[in-house]
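Read off the chains here:
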There are 2 protein chains.
Amino acid sequence: MNVTFLPAETVDKAIRQLRIPDPGSATIRELVALVNVIEEETGEKYIRMEMGVPGLVPSQVGTEAEIEALRRGVAADYPMVDGVKMLKNEASRFIRLFADVDVSPDGCVPSVGSMQGTYAAFMAVGNLNRKKDTTLFIDPGFPVQKQQMMVMGQKYASFDVFNFRGAALEAKLESYLSQGNINAIIYSNPNNPTWICLTEEELQIIGRLATKYDVIVLEDLAYFAMDFRKDFYTPGKPPYQATVARYTDNYILFISSSKIFSYAGQRCSIMAISNQLFKREYPDLQERFHCFTFGNAITQRILYALTSGVCHSAQYALAAMFKAASDGVYNFVQEISEYGEKAKIMKRIFLDNGFHIVYENDLDEPIADGFYFTLGYPGLTGAELVHNLLYFGISAIGLKNTGSDREGIRACVSHVGREQFGDLEERVKLFDKYFKA
Amino acid sequence: MNVTFLPAETVDKAIRQLRIPDPGSATIRELVALVNVIEEETGEKYIRMEMGVPGLVPSQVGTEAEIEALRRGVAADYPMVDGVKMLKNEASRFIRLFADVDVSPDGCVPSVGSMQGTYAAFMAVGNLNRKKDTTLFIDPGFPVQKQQMMVMGQKYASFDVFNFRGAALEAKLESYLSQGNINAIIYSNPNNPTWICLTEEELQIIGRLATKYDVIVLEDLAYFAMDFRKDFYTPGKPPYQATVARYTDNYILFISSSKIFSYAGQRCSIMAISNQLFKREYPDLQERFHCFTFGNAITQRILYALTSGVCHSAQYALAAMFKAASDGVYNFVQEISEYGEKAKIMKRIFLDNGFHIVYENDLDEPIADGFYFTLGYPGLTGAELVHNLLYFGISAIGLKNTGSDREGIRACVSHVGREQFGDLEERVKLFDKYFKA
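Just so it is clear, the structure is predicted and the values come from calculations on it, not from any experiment. Counting of residues starts from 1 at the beginning of each chain's written sequence and follows it residue by residue. In the order they appear in the text, chains get letters beginning with A and ligands get numbers beginning with 1. In keeping with the model being predicted, local features are shown solely for residues with a pLDDT of at least 70 and side-chain atom pairs are shown and tallied solely at 80 or more, while totals for entire chains, interfaces and linings include all residues. Each side-chain value is derived from all of the structure's non-hydrogen atoms; neither hydrogens nor water enter the calculation.

Undergrad: Is there a simple way to think about the overall build of chain A in this case?
TA: Secondary structure elements follow DSSP: runs of H or I of four or more residues count as helices, runs of E of two or more count as strands, with numbering from the N terminus. Regarding its fold elements, chain A presents 15 helices and 14 strands. Radius of gyration: over C-alpha atoms. The globule rule applied is 2.2 Å multiplied by the number of residues raised to the 0.38 power. On C-alpha atoms alone, chain A measures out to a radius of gyration of 22 Å, which is about the 22 Å that the 2.2 N^0.38 rule sets for 437 residues. Overall, chain A is about 70 × 55 × 45 Å in size when its C-alpha atoms are taken along their principal axes. We call a residue buried when its accessible area falls under 20% of the maximum for its residue type, exposed when it is over 50%, and partly exposed in between, using a 1.4 Å probe and counting protein chains only. Residues classed as buried in chain A amount to 63% of the 437 residues present. Note on contacts: a residue pair qualifies if any of its non-hydrogen atoms lie within 4.5 Å across the two residues. When contacts within chain A are restricted to residue pairs at least 6 apart in sequence, long-range pairs at least 24 apart make up 76% of them. The accessible surface values rely on the Shrake-Rupley method and a 1.4 Å probe; as for residues, cover is taken only from the protein chains in view. Surface summary for chain A: the accessible area is close to 15600 Å², and the carbon and sulfur share equals 51%. Charge assignment in this entry is limited to Lys and Arg as positive and Asp and Glu as negative, and neither His nor the chain termini are counted. A charge is said to be at NZ when it belongs to Lys, at CZ for Arg, at CG for Asp and at CD for Glu. Of note, chain A has its 44 positive side-chain charges centred 3 Å away from the centre of its 53 negative side-chain charges.

Undergrad: Explain the interface of chain A and chain B here, please?
TA: Taken residue by residue, the interface counts 56 residues in chain A and 56 residues in chain B. The salt bridge criterion pairs a side-chain nitrogen of Lys or Arg with a carboxyl oxygen of Asp or Glu, the two atoms within 4 Å. A salt bridge links R71 of chain B to E64 of chain A; the shortest N-O distance between them is 3.2 Å. Within the residue set of the side of chain A that touches chain B, elements represented by two or more residues are α3 (60-71), α5 (113-125), α6 (143-152), α10 (283-289), α11 (294-307) and α12 (312-326) of chain A.

Undergrad: Please clarify how the relation of the copies chain A and chain B should be interpreted in this entry.
TA: One copy of the chain maps onto the other through a rotation about an axis followed by a shift along the same axis. What sets the superposition is a least-squares fit of C-alpha atoms, and only residues with pLDDT of at least 70 in both copies go into it. After a rotation of 180° and a shift along the axis of 0.0 Å, chain A superposes on chain B with an RMSD of 0.0 Å. The operation mapping one copy onto its partner corresponds to a two-fold rotation axis. For chain A, the residue whose C-alpha comes nearest the rotation axis is I67 of chain A, separated from it by 2.8 Å. Most of the interface of chain A is mirrored in chain B, where 100% of its interface residues again form contacts.

Undergrad: I tried to follow the sheet that holds strand β14 (residues 409-412) of chain B on my own but got confused; where do I start?
TA: Consider a sheet: its strands pair through backbone hydrogen bonds, and that pairing is either parallel or antiparallel. All names here are of chain B. We call two strands paired when DSSP finds no fewer than two bridges between them. Taken in spatial order, the 3 strands line up as β11-β14-β13 in an open sheet, and their pairing is antiparallel. Sheet topology places β11 (372-375) and β13 (397-398) at the edges, where each strand pairs with a single neighbour. Note that β11 and β14 share 4 bridges and pair antiparallel. Across the sheet, the residue bridging to T374 is R410, located in β14.

Undergrad: Before we go on, may I ask you to explain the pattern of salt bridges in this structure?
TA: Should their charged atoms come close, side chains of opposite charge can pair. Residues and elements named next belong to chain A. Counted under the stated rule, the structure contains 59 salt bridges over all chains. The partner of R418 in a salt bridge is E338, with the nearest N and O atoms 2.8 Å apart. Taken together, the residues R418 in the loop between β14 (409-412) and α15 (421-436) and E338 in helix α13 (residues 332-351) connect sequence positions 80 residues apart. Where salt bridges share partners, they join R165, E202, D227, R229, D362 and E365 into one cluster.

Undergrad: How should the packing of aromatic side chains be read in this particular structure?
TA: What describes a pair of aromatic rings is the distance from one ring centre to the other and the angle between the planes of the rings. Residues and elements named next belong to chain A. For Phe, Tyr and Trp, rings pair up if their centres lie within 6.5 Å, where Trp contributes its six-membered ring, and each pair is then called stacked (planes under 30 degrees apart), edge-to-face (over 60) or tilted (otherwise). One pass over the full model with this rule turns up 68 aromatic pairs over all chains. With 6.3 Å between their ring centres and 70° between their planes, F94 and F261 make a pair best called edge-to-face. Taken together, the residues F94 in helix α4 (residues 85-99) and F261 in the loop between β7 (251-255) and β8 (269-273) connect sequence positions 167 residues apart. For the pair formed by F94 and F261, the shared burial category is buried. Among the aromatic side chains, those forming a connected cluster through ring pairs are F94, F98, F224, Y233, F261, F322, Y330 and F332. Only Lys NZ and Arg CZ are tested; either one counts as a charge over a ring when it is within 6 Å of the ring centre and within 35 degrees of the ring normal. For the cation-ring pair, R406 lies above F162, with the distance from its terminal atom to the ring centre recorded as 3.8 Å.

Undergrad: Please clarify how α3 of chain A should be interpreted in this entry.
TA: A turn of α-helix holds 3.6 residues, and therefore any two residues three or four places apart point the same way. A rise of 1.5 Å per residue sets the reference length of α3 of chain A, with its 12 residues, at 16 Å; its end C-alpha atoms lie 16 Å apart and thus fit the reference within 8%. Listed in full, the buried residues belonging to α3 of chain A are G62, T63, A65, E66, I67, A69 and L70 of chain A. Packed against the buried residues of α3 of chain A are α12 of chain A together with α3 (60-71) and α12 (312-326) of chain B. After α3 of chain A finishes, the residue G73 of chain A shows a positive phi value of roughly 90°. Given a helix with a known number of residues, its expected span is that number minus one, times 1.5 Å.

Undergrad: Can you walk me through the nonpolar core in this structure?
TA: Note on soluble globular proteins: their nonpolar side chains tend to be buried together. In terms of nonpolar packing, the biggest core is built from 244 residues, with L173 and F332 of chain A together with L173 and F332 of chain B touching the most fellow members. Of the residues forming this core, the biggest block, 9 residues, is contributed by α12 of chain B. Apart from the residues lying within four places of it in its own chain, the contact partners of F332 of chain A are F94, F98, F224, A225, Y233, I260, F261 and A325 of chain A. Of all hydrophobic cores here, the second largest spans 78 residues; its members include V81, F137 and F278 of chain A together with A297 of chain B. The criterion is simple. A nonpolar core is a set of buried Ala, Val, Leu, Ile, Met, Phe, Trp, Tyr and Cys residues joined through side-chain atoms within 4.5 Å.

Undergrad: What is the right way to read the packing of helix α13 (residues 332-351) of chain B against helix α15 (residues 421-436) of chain B from this model?
TA: Packed helices, taken two at a time, are described by the angle between their axes plus the distance between the axes. Residues and elements named next belong to chain B. Interhelical geometry of α13 versus α15 gives an angle of 20° and a closest axis separation of 9 Å. Classified by the interaxial angle, the pair formed by α13 and α15 is roughly parallel. Two packed elements cross with a definite hand, and for α13 against α15 that hand is right-handed. Residues K342, I345, M346, I349 and F350 of α13 form the contact with α15, whose participating residues are F421, L424, E425 and V428. In terms of residue class, the contact of α13 with α15 is built from 7 nonpolar, no polar and 2 charged. Between N-to-C directions, angles cover 0 to 180 degrees, with each direction set by a line fitted to C-alpha atoms, over the stretch in contact for helices. Any angle between 65 and 115 degrees counts as roughly perpendicular, while under 35 counts as roughly parallel, over 145 as roughly antiparallel, and the rest as oblique. Definitions for this section: a left-handed crossing has its near helix turned counterclockwise from the far helix by less than a right angle. A right-handed crossing has that turn clockwise. Polar here means any residue other than Ala, Val, Leu, Ile, Met, Phe, Trp, Tyr, Cys and Pro, which are nonpolar, and Asp, Glu, Lys and Arg, which are charged; Gly is therefore polar.

Undergrad: Sorry, what's going on with the confidence of the model for chain A here?
TA: Averaged over every residue, the pLDDT of chain A is 96; the share at 70 or more is 100%. Across the whole predicted complex the pTM is 0.96, and at the interface the ipTM reaches 0.96. For every residue, the pLDDT score states the predictor's confidence, bounded by 0 at the bottom and 100 at the top.

Undergrad: Help me out: how do you make sense of the environment of L56 of chain A in this one?
TA: Among the structural elements, L56 of chain A can be located in the loop between β1 (47-48) and α3. Between the alpha carbons of L56 of chain A and D102 of chain A there is a distance of 31 Å; along the sequence they are 46 residues apart. Contacts of L56 of chain A, omitting those with residues within four sequence positions, involve S262, E335, I336 and Y339 of chain A together with A76 of chain B.

Undergrad: Whenever I open this one, the pairing of β7 of chain A confuses me. Can you help?
TA: Each regular strand shows side chains that alternate between the opposite faces of the sheet. Residues and elements named next belong to chain A. Counting buried positions over the 5 residues of β7 gives 5, a clear majority of the element. Taking every second residue as pointing to the same face, both faces of β7 are buried, with Y251, L253 and I255 on one and I252 and F254 on the other. The pairing of strand β6 (residues 216-220) with β7 spans 4 bridges and is classified as parallel. Among the inter-strand pairings, L218 is bridged to a residue of β7, identified as I252. Strand direction decides the pairing type here: β7 and β8, joined by 4 bridges, are antiparallel. Bridge assignment links I252 to a residue of β8, and that residue is I273.

Undergrad: Would you explain helix α7 (residues 168-177) of chain B in this entry?
TA: Residues and elements named next belong to chain B. Residues of α7 that are buried: L169, L173, E174, Y176 and L177. Projected down its long axis, α7 shows its buried positions confined to an angular sector of 155°, all on one face. For α7, the elements touching its buried residues are β3 (134-139), β4 (155-160), β5 (182-188) and α8 (200-212). When we speak of the arc, we mean the arc of directions from the helix axis to the C-beta atoms.

Written as structure tokens, this is what we have:
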């Protein structure tokens, strides 16, 4: 007789207790709460793959710089709303050395996490031009960015990129852009949740069309340099982080410290606004926000009104991390490459036991091993997979609320310890045996 | 022959150089830049009263607690969006001991400065009820809160409270509330820019009408316990900070760490949402934000979408400052009472030389000595006064863009050193001599 790893009635009871109608479509937050309850009830530790949070200690460089800034007394002084000078300069330098892109320090503006960065950007692009009222998401993507649109009451369109990789992306994008209502295109690269990385050809298409249709590309680089197929820690030398910035002047890059520096708690990221865009004047934007340039609208109007700047000491932390990385004395890529190494092993365990990777390739190349991967299992929808894995002590989120059309789940490697790999293998084997029966 | 303190041509040249059409109606930011230029040009140090920023060192209690949190590695972990437990508990306790009001820890939610607090609150109250599309400002007030309304594209109404103190406030407020379109009333107490403090009678009127017309009171307590006419540092004993919370259940209090703890740089404040309001369900709000309660809309929808929480280490700093104050070992009021002592001397210097206090009384009592005061001079408008004081090495902002109907300026004491009082007296005498002539 086939058995689950945990007593099904214990799991079901917890689901009822938390009033979760369908665990398969639960939010990350609901799943976290659910697994906490089951762990407490059963005393068994889950293989927790539901949270996309750092699993390493925070950057020592950042922590020490931040402590030093606090000792200097920066806590008393309001930070300049467009960022402290050292951070602006070091952000510009970091982007030049690791992405080979020139963004002036003026355009490197800190935000309270990339969450605030995209919020501010959505607000600005939504008011650039009265005729352009819709933002286009290249999905799958980070669900909270759509929640931001909902909170702001702005419109968006989206499509799953799965069937539109490579040259096929052009016609698909053009089918939206040619309608004339799109103000911006947003995607993450490497991608949350699928870890696909857009190719240079795809970025070129996006950049070319952004220029042609005069829309802004919002490129979320939360996982900067984390396509571990290449070693990007070569300051000032190739290979460089892939970016649309090489193919258009209409861009904002979002560089978060959360994953690359394991610095999520301090909520300090950079929006890098292209030199051309920063200075550009949009009549509708000027009227809406009583300001001159795009850069002015973002800094002196939107960011000022949102939080009046970013935590002062955290700005010095981020500046120090950028500086140390650029100086060649802080190989942040090596510190986080542990994620890729774990992904490789975990993917193998799943693949050996009946699972498959849903978003498997970047065109003809297998996707990289990184922070996330996607999984499917024959005959199960993504929701069923999430739900049934819970009986086997494994937690993950479904792909459906990320804008994916495919059936599957997102697995995050960060909070799975290497010492759990034995348990993982045992549970996955049991799962496969159960469902093959 | 009468002379100005600085060569008029130098001042005028700087005004032209910065392309300021009228210094009398310039923003704080423009004035800061202008004075920087003139100081550099002339080598003379201004009496700088234009900025409303702390002038003391940051709280040592907060700084040490923040450093300790960083050493524990909190920088890696996303903070809970509704705040770390210790901060919520200590905020609730602080409010109980210093304002004699019971707000559950659930309703004590950190925000990225009270700037984010009021932004989130404006967004929530603007969507409570389709019929209530306007927020009422009891002016004079903080100009950036109106900029927040502009950025959000929400409506507001306002009136200058000068002629509606005491019992007269009731009819004035009712003339707005009875129209049925007001969702909330906002004011600061003690007041920026005038330092008037609403009396218990006035707070009672506001509270009673808020209940009667079902509107929410947004009480900005950025200057908590800074009405230095009383000593509020008596944890758990009267006198308590005056607050509308005693007179209605429809309130949010905004408690900033910027001034009371000289902790402006770290952008961490508390929104204290009343227990009733936190749990209340508004059908229009639910539909707009896909959530259940008011508290849920603020935390899981709005604050989550804005910044996904507040700087982790700064939350521990604020918790520690609240705790030390409540424990009776951190007399924050004494630390900041220096502002009141300086105000007393500075007001005397101006009053002895032809100036008057514009907002002079709280009904029959002279206003307190505190962070700000207002000044007028016979025969000069507020704009003329700002402009002409520049020739005498004194900078301040006009009252006009604070929603005041009166002619005058706001003077902030925080960045004037006691060693400058001699200079101040000399320049004010020269000014008076010049204009009396």
